[in-house]
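These are the residues of each chain, in order.
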Amino acid sequence: MMHLSLAFAIAAVLVCLVSAGTVVINGSCRDCSPPVAETVVVDGKAYRSGKPGQGSVYINSPDAYGPVGGPGPRVEGDATRYPEGYSGRVPGDTYLHNDDCVGCSISGGGD
C-alpha cells in the first residue's frame, strides 16, 4: 500500500510540474504516460516527438548529466549532487526525478 501511495505522490508531483523546460528521470519508467516533449532521450537515443518549445525529457540517459566523478548524478552546469530518491526542481528550468518512475505523467513543458 505504501508503494502505491508513493507512486501516486510522484505522479502527482510530475503532473504539477509540467512547465519545466527539461525533465530528467534518472532511472527507468514503468507504466508512465508517453513523454510530451520536443526531444525525448531514452537510454542515450534521441527522438523528436513533439512541437518546438515543448522542452526535453531524458529517461535513464547519461546525456543529461555533466561529469559525475562521485555519488549521485548532477545536472549539466550544476555542481550540486542530488541523492538517490530526490525529486524536485533544480537550476536551469529543470525538474529532476532521481529514481525509477512508476505511473508518472511526463512532460517537458510548453503544453
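Residues numbered from 1 in each chain as written. Predicted model: local features only at pLDDT ≥ 70, side-chain atom pairs only at ≥ 80, totals over all residues. Heavy atoms only, no water.

Once that is clear, we can look at the confidence of the model for the chain. Mean pLDDT over the chain: 73, with 65% of residues reaching 70 or higher. Long-range and interchain partners of residues 11-18, a stretch whose pLDDT sits below 50, account for 15 contacts in this model, where long-range means more than four residues apart. With pLDDT under 50 throughout, residues 66-72 is counted as low confidence; its partners more than four residues away or in other chains account for 11 contacts. (pLDDT = per-residue confidence, 0-100. Contact = heavy atoms within 4.5 Å.)

What follows deals with the nonpolar core. With nine residues, the main nonpolar core is built from V23, I25, A37, V40, V57, I59, C101, C104 and I106. Listing elements by their share of this core, those giving two or more residues are β1 (22-25) and β5 (56-59). A64, Y82, V90 and L96 belong to the second-largest nonpolar core, a separate cluster that totals five residues. (Core = buried A, V, L, I, M, F, W, Y, C linked by side-chain atoms within 4.5 Å. Buried < 20%, exposed > 50% of the residue type's maximum accessible area, 1.4 Å probe, protein only. Helix = DSSP H or I, 4+ residues; strand = E, 2+ residues; numbered from the N terminus.)

Before going further, it helps to examine the packing of aromatic side chains. Summed over the entire model, instances satisfying the criterion amount to one aromatic pair. Considering the side-chain rings of Y82 and Y86, the 5.0 Å spacing of their centres and the 40° angle between planes classify their relative orientation as tilted. (Phe/Tyr/Trp six-rings, centres within 6.5 Å; stacked < 30°, edge-to-face > 60°.)

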